[in-house]
Amino acid sequence: MSMKLPPFVRALVALGALATACGPGNEPNTPPDSGTSTDAGSRTDAGTDAGSSTVDAGGEEDAGRSIDAGPDVDAGSEVDAGTTVDAGTTVDAGTTVDAGTTVDAGTTVDAGTTVDAGTTVDAGTTVDAGTTVDAGTTVDAGTTVDAGTGDAGSGDAGTTDGGSDSDGGYTKIRIMAANITSGNGQDYDQGHGIRLMQGVKPDVVLIQEFNYKANSAAEIREMVDLTFGPGFSYYRETGAQIPNGIISRYPILESGEWKDTQVSNRDFAWARIDIPGPHDLWAVSVHLLTSGGGVRNTEATNLVKFIKDNVRESDYLTIGGDFNTDSRSEACLTTFKQVVVTAGPHPVDKNNKDGTNASRSKPYDHVLVDNDLYQYRVPTVIGASSFANGLVLDSRVYTPLSEIYPALSSDSGASNMQHMGVLKDFLTPNF
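Since the model is a prediction, treat every value here as computed from it, not as a measurement.

A. Up close: the overall build of the protein chain. A count of helical and extended segments in the protein chain gives 6 helices and 14 strands. Taking all 431 residues of the protein chain together, the buried fraction comes to 45%. Within the protein chain, counting contacts between residues at least 6 apart in sequence, those at least 24 apart form 64% of the total. Looking at the protein chain as shown, the accessible area adds up to about 20900 Å², and 53% of this sits on carbon and sulfur atoms.

Right under this line is the structure:
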């Protein structure tokens, strides 16, 4: 049977039971030490201004929002694990100061600002990349000075760079006919003809008997360099005993030879030259036979056909060299009138004589040009001397000789020097 305790006893028993349940060491837990604003996650300890920016460590959207890393829902209550102070608060990991500020990573200064990456100064500005100074300006790339000047030819690719004198958009071009070999080998080894050409400085030479030493490519190049300079181009026909050729200050774009059916030891040498301006110059070097006017007229007829079939109407044309003509009324000159101007006035020497053979009695040598080029003829000026219609170069009568240095007065009278050089000047537009 049960025994009832008196009311005051029951109260004492209840009090004892409560004391037993609480026992020693089971006191209620206090808020933890780690995670306060001082120990773990404060502005001082972990997540100060020097931390990580919006780009580097996840800004307000990347790694520190209340959604991403420990919001009130994901990582516990504000007290337990993930309060706004402990893990992921705007102070600890991802505040606008700590992780993603406008200063550290991604600000207008560090990453992508108008200064560092893509600004008008560093990347793509008018100064660094593609400006009118660095890339493609009229100075650096494609101007009339740097890219496309007279080096590569005229109106095709710019103005004159390495050519004759130019005057307000015009270029002076001196053309010379030169069969001025000496000695017994029909060559330039003796140096007389070389000195004569050096003395008058032509830009384009229609040369005959183009032989020098053993005629290797290196030796022909040596002769051109010695006489005119390494910047000159040349064409010399192949397989000929006394070859014709063209030497030019300006680039030779194409060249070759047309067959002279009347003779076996040379042909008609031609070259298309890229002179300054929109028109090329076609130069043809000829050495007609001595066997008679009829044969020379046949040669002229054949050559005229080659010219009509090949030379563009819009380009300039010159035919020059040793025609071996006895008079200016020969049939071959009448034939040549189809493509070039043959009428006078003609070049003369210092004494106003126009003959070009050794005795100065016959017009052997010529520089003839088409109507397009003829309109631009100008006096040939050498030093203080001026020749209104061109010059017949005879060093024996030229004064003062210093104007044609290093030529000697005896050069034109050297052994087997059978011809005089002939020069004409033209002032062609560069547009």
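B. Representation of the sheet that holds strand 9 (residues 365-369) within the structure. If you trace the 5 strands from one edge of the open sheet to the other, you get 5-6-7-8-9, paired in mixed fashion. Bordering the open sheet on either side are strand 5 (252-258) and strand 9, each of which pairs with just one other strand. Neighbouring strand axes in the sheet, compared pairwise and without regard to direction, differ in orientation by 15 degrees on average. Looking at chain direction, strand 6 (residues 268-273) and strand 7 (residues 281-287) are connected through 5 bridges and run antiparallel.

C. Structural view of the packing of helix 2 (residues 192-200) against helix 3 (residues 217-227). Contact pair helix 2 / helix 3: the axes reach a minimum separation of 9 Å and the direction vectors enclose 40 degrees. The angle between helix 2 and helix 3 places the two elements in the oblique class. Residues I194, M197 and Q198 of helix 2 pack against M223, L226 and T227 of helix 3. Broken down by class, the residue content of the contact of helix 2 with helix 3 amounts to 4 nonpolar, 2 polar and no charged.

D. Focus on the pattern of salt bridges. Summed over the entire model, instances satisfying the criterion amount to 18 salt bridges. Between R249 and D203 there is a salt bridge, and its shortest N-O distance comes to 2.5 Å. Taken as a pair, R249 in the loop between strand 4 (245-248) and strand 5 and D203 in the loop between helix 2 and strand 2 (204-207) lie far apart in primary sequence, 46 residues in all. In this structure, R396 engages D394 in a salt bridge whose closest nitrogen and oxygen atoms are separated by 2.9 Å. Within the structure, one salt-bridge network assembled from shared partners comprises E254, R272, D280, R312 and D315.

E. The arrangement of helix 2 in detail. For helix 2, the tally of buried residues reaches 8 of 9 residues, placing the bulk of the element in the interior. Where helix 2 is concerned, the buried positions are H192, G193, I194, L196, M197, Q198, G199 and V200. Along its buried surface, helix 2 packs onto strand 1 (170-178), strand 2, helix 3, strand 11 (380-382), strand 13 (391-393) and strand 14 (421-429). Trailing helix 2 by a residue or two, K201 shows a phi angle of about 50 degrees, which is positive.

Here is what the cut-offs are and how they apply
Residues numbered from 1 in each chain as written. Predicted model: local features only at pLDDT ≥ 70, side-chain atom pairs only at ≥ 80, totals over all residues. Heavy atoms only, no water. Helix = DSSP H or I, 4+ residues; strand = E, 2+ residues; numbered from the N terminus. Buried < 20%, exposed > 50% of the residue type's maximum accessible area, 1.4 Å probe, protein only. Contact = heavy atoms within 4.5 Å. Areas by Shrake-Rupley, 256 points an atom, 1.4 Å probe, with all protein chains shown as cover. Pairing = 2+ DSSP bridges. Axes fitted to C-alpha atoms, helices over the stretch in contact; angles between N-to-C directions. Parallel < 35°, antiparallel > 145°, perpendicular 65-115°, else oblique. Nonpolar A, V, L, I, M, F, W, Y, C, P; charged D, E, K, R; others polar. Salt bridge = Lys/Arg side-chain N within 4 Å of Asp/Glu carboxyl O.

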